[in-house]
Amino acid sequence: MYVLRKKLDKFDMGGGVIRQYLGESKRLNAQHWDMADKSVVKMHKHTQDQFGYVIKGGFKMDIGGKKAVLKAGDA
């Protein structure tokens, strides 16, 4: 499967968060997120695993109570 991001629909999640859906399988989903400074994604759960890679900037994450600050190059 090929995904051409420039052709994907953009979904405004509110609060400065724009999402593009890249694809999924039974166990994994992939999305591209553009997040404005100081934007917040509310705590939520997934039925699938999700992988993320920080291209630039950074943000605070909380996965199951384990907190970290991710910066460009982190996943």
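What comes next is a walk through the structure. Because the structure is a prediction, the values reported are computed rather than measured. (Residues numbered from 1 in each chain as written. Predicted model: local features only at pLDDT ≥ 70, side-chain atom pairs only at ≥ 80, totals over all residues. Heavy atoms only, no water.)

**Let's talk about the environment of G65**
Convention followed: Starting at the N terminus, helices and strands are each numbered in turn, a helix being any DSSP run of H or I of at least four residues and a strand any DSSP run of E of at least two.
Positionally, G65 belongs in the loop between β5 (58-63) and β6 (66-71). For the pair formed by G65 and K38, sequence separation is 27 residues and the distance between their alpha carbons is 21 Å.

**Section: the sheet that holds strand β1 (residues 11-14)**
Sheet strands pair by backbone hydrogen bonding; their relative direction is either parallel or antiparallel. Test applied: Pairs of strands are assigned from DSSP output, requiring at least two bridges between the strands.
A sheet is described by the order of its strands in space; here four strands give the open sequence β1-β2-β3-β4, paired in mixed fashion. One side of each edge strand has no neighbouring strand; the edge strands of this open sheet are β1 and β4 (49-50). Looking at chain direction, strand β3 (residues 28-35) and β4 are connected through two bridges and run parallel. Bridging from a neighbouring strand, N29 pairs with Q50 of β4.

**Here we look at unusual backbone geometry**
We apply this condition: For the exposure calls, accessible area comes from a 1.4 Å probe over protein chains only, and a residue counts as buried if that area is under 20% of its type's maximum, exposed if over 50%, partly exposed in between.
Positive phi, close to 70°, is recorded for K38, a residue that is not glycine. Within the secondary structure, K38 sits in the loop between β3 and β4. Relative accessible area serves as the criterion here: at 82%, K38 is assigned to the exposed category.

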